[in-house]
Amino acid sequence: MSDSAFKVLEILQRTDAPVSGETISSELGVTRSAVWKNIKELCQMGYDIQSSQKEGYKLLYSSTKLLPYEIQKNLETRVIGSSLRYFDHTPSTNSMGKQLCAEGDPGRFHGTVIIAEEQTGGVGRMGRAWISPAGGIWITIILKPHVPVDHIFMITMAGSLAVARAIRKEFGLGALIKWPNDILIGKKKIGGLLLEMAAEADTVHYCLLGIGIDVNNPVKDFAADLQRDITSISVEVGHEVDRASFLARILKEFENRYLLVESGEYETITQEWKSLSATLENHVQIRTLKNSFEGEAIDIDEFGALIVRKDNGKLERVVAGDCYQQ
Ligand code: BTN
């Protein structure tokens with residue numbers, strides 16, 4: 001959104017009454033035709049503005065898009081989301097993040113959130129395709145973390161906790177986390193996280209925390225073979241929801257926990273993760289790149305590894321892999 005359109009929007013949002021073009025143009029020190037151009041820009045972005053020659057402009061509805069301004073209105077963070085980059089379409093917000101960081105000095109993008117209404121080439125774990133139609137939340141948070149490489153999974157855990165907590169607080173749904181990074185409602189997946197990082201020896205250059213959540217998506221949005229296993233917020237609550245305030249809440253919940261990770265309070269993160277785990281105390285089947293086995297998920301350690309008591313009684317520590325459970 002241009003700066004001038006943003007200023008016009010601020011004026012319209014101050015009141016429920018119509019505001020004349022003249023009032024806006026004299027407050028902003030611009031011509032009335034410039035105001036008209038800004039009104040057109042706002043309408044194109046999805047704001048519904050009634051205009052009458054006699055009375056002026058009246059804002060009827062705010063946009064339902066995930067526009068930065070709509071998120072900022074509710075945002076209570078200090079760093080996460082301090083810069084919001086919005087795209088109508090992009091192949092993948094994670095690849096956008098990689099491109100940005102490749103420009104050099106990833107530190108200057110720390111806290112930047114990349115938002116897309118739709119992704120045309122969304123990526124999930126293990127390089128799988130991630131279907132990302134309009135209505136969901138598809139974002140990437142760029143981080144330059146002060147976290148040792150061996151504890152980097154704590155950032156995914158902080159992200160999963162943020163999403164699960166935000167769903168609980170905003171919509172009263174019993175969201176849980178399935179190891180390593182799925183968000184579930186009951187047995188159905190509603191979201192997932194993907195952490196990618198650039199590191200050398202024990203130095204992390206940057207991390208990209210991708211978060212995908214099905215929000216205002218009807219079941220028909222999902223591939224036919226997935227419809228049984230996937231759900232969305234609107235399907236669960238029975239109506240569409242305000243994505244912008246939900247996203248602002250996720251970012252706040254994430255910032256709180258990210259700060260804990262940076263200050264080495266891994267135990268606090270692990271304890272909360274355990275309390276929202278859909279995996280612990282369940283019989284699981286684990287598939288890693290090397291092998292596949294079954295057992296009971298009994299714990300998670302301070303690095304985020306899953307501890308499984310195999311059917312033969314031996315304990316196995318799983319750092320990465322797919323986890324299947326009933
Ligand atoms: C998973 O496999 O469960 C993780 C899915 C992560 C998807 C998100 S959507 C925003 C970001 N951009 C991507 O291309 N992927 C992540």
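You'll find the structure just up there.
Keep in mind the model is a prediction, meaning the values are calculated, not measured.

Reading the values: the criteria
- Residues numbered from 1 in each chain as written.
- Predicted model: local features only at pLDDT ≥ 70, side-chain atom pairs only at ≥ 80, totals over all residues.
- Heavy atoms only, no water.
- Core = buried A, V, L, I, M, F, W, Y, C linked by side-chain atoms within 4.5 Å.
- Buried < 20%, exposed > 50% of the residue type's maximum accessible area, 1.4 Å probe, protein only.
- Helix = DSSP H or I, 4+ residues; strand = E, 2+ residues; numbered from the N terminus.
- Domains from an automatic or database assignment.
- Contact = heavy atoms within 4.5 Å.
- Near = heavy atom within 4 Å.
- Polar contact = N/O pair within 3.5 Å; in protein donor to acceptor, adjacent residues only side chain to side chain.
- Areas by Shrake-Rupley, 256 points an atom, 1.4 Å probe, with all protein chains shown as cover.
- 1 Å grid on protein atoms, 1.4 Å probe; cavity = no way out; pocket = protein on both sides within 12 Å on 5 of 7 lines; lining within 4 Å.
- Sits in = over half its atoms within 2 Å of the grid points.
- Nonpolar A, V, L, I, M, F, W, Y, C, P; charged D, E, K, R; others polar.
- Arc of directions from axis to C-beta.
- Pairing = 2+ DSSP bridges.
- Disulfide = S-S within 2.5 Å.
- Phe/Tyr/Trp six-rings, centres within 6.5 Å; stacked < 30°, edge-to-face > 60°.
- Lys NZ or Arg CZ within 6 Å of the ring centre and 35° of its normal.

This brings us to the nonpolar core. Counting residues in each nonpolar core, the largest one holds 64 residues, and the members touching the most others are Ile 141, Ile 155, Ile 167, Phe 246 and Phe 254. In terms of residue count, the dominant contributor to this core is helix 6 (residues 153–171) (12 residues). Each of domain 2 (68–275) and domain 3 (283–325) accounts for three or more of the residues forming this core. For Ile 167, the residues in contact, after removing those within four places along its chain, are Gly 172, Leu 173, Ala 175, Ile 183, Ile 185, Ile 190, Ile 233 and Phe 246. Listed in part, the 17 residues of the second largest apolar core include Val 8, Leu 12, Met 45 and Leu 67.

Moving on, we come to the site of the ligand. The immediate surroundings of the ligand are formed by 20 residues, with Ser 92, Gln 119, Val 123, Arg 125 and Lys 189 found nearest. A distance of 2.9 Å is found between a nitrogen atom of the ligand and a side-chain nitrogen or oxygen belonging to Gln 119. Between Lys 189 and the ligand, the recorded distance is 2.7 Å, taken from a side-chain N or O atom to an oxygen atom. In the complex, the protein chains occlude 97% of the 410 Å² of accessible area that the ligand would expose alone. Counting atoms within 2 Å of the grid points, the majority share of the ligand lands in the largest pocket. Elements represented by at least two residues in the shell around the ligand include exactly helix 5 (93–102), strand 5 (137–143), strand 8 (188–200) and strand 9 (203–213). Looking at the shell around the ligand element by element, the count peaks at four residues for strand 8. When the residues that make up the shell around the ligand are grouped by side-chain class, the tally is seven nonpolar, 10 polar and three charged.

Residues three or four positions apart in an α-helix share a direction because the helix packs 3.6 residues into each turn. Restricting attention to buried positions, one finds in helix 5 the residues Thr 93, Asn 94, Met 96, Gly 97, Leu 100 and Cys 101. Each buried residue of helix 5 lies within a common arc of 155° when the element is viewed along its axis, so the set occupies one face. Of the residues in helix 5, the exposed ones pointing more than 90 degrees away from the buried face are Gln 99 and Ala 102. Residues of helix 5 that are buried make contact with strand 3 (84–90), strand 4 (113–119), strand 5, strand 8 and strand 9. Capping the start of helix 5 is the job of one residue whose side-chain oxygen sits 3.2 Å from the backbone nitrogen of Asn 94: Ser 92. One or two residues past the end of helix 5 sits Gly 104, with phi positive at roughly 110°.

Before going further, it helps to examine the pairing of strand 10 (residues 283–287). Burial along strand 10 is one-sided: the residues Val 284 and Ile 286 are buried and none of His 283, Gln 285 and Arg 287 is. Taken together, the four bridges between strand 10 and strand 14 (residues 322–325) define a ladder with antiparallel strand orientation. Looking across to strand 14, one finds that Val 284 is bridged to Gln 325.

Right, let's get into the state of the cysteines. Should the sulfur atoms of two cysteines be covalently bonded, the bond is a disulfide. Per the counting criterion, the structure on display carries zero disulfides. The thiol sulfur of Cys 101 is not disulfide-bonded, and the nearest other cysteine sulfur, from Cys 207, lies at 9.7 Å.

Now for the packing of aromatic side chains. Within this structure, the stated rule accounts for four aromatic pairs. Each ring, one from Phe 6 and one from Tyr 69, has its centre 4.8 Å from the other, and the planes form 85°; the classification is edge-to-face. Here the residue Phe 6 occupies a position in helix 1 (residues 3–13), and Tyr 69 occupies one in helix 4 (residues 68–72), the gap between them amounting to 63 residues. Judged by relative accessible area, which is 11%, Tyr 69 ranks as buried. Across from the ring centre of Tyr 324, 4.4 Å away, lies the NZ or CZ of Arg 287, which sits over that ring. Here Lys 310 stacks its cationic end above the ring of Phe 293, 5.1 Å away from the centre of that ring.

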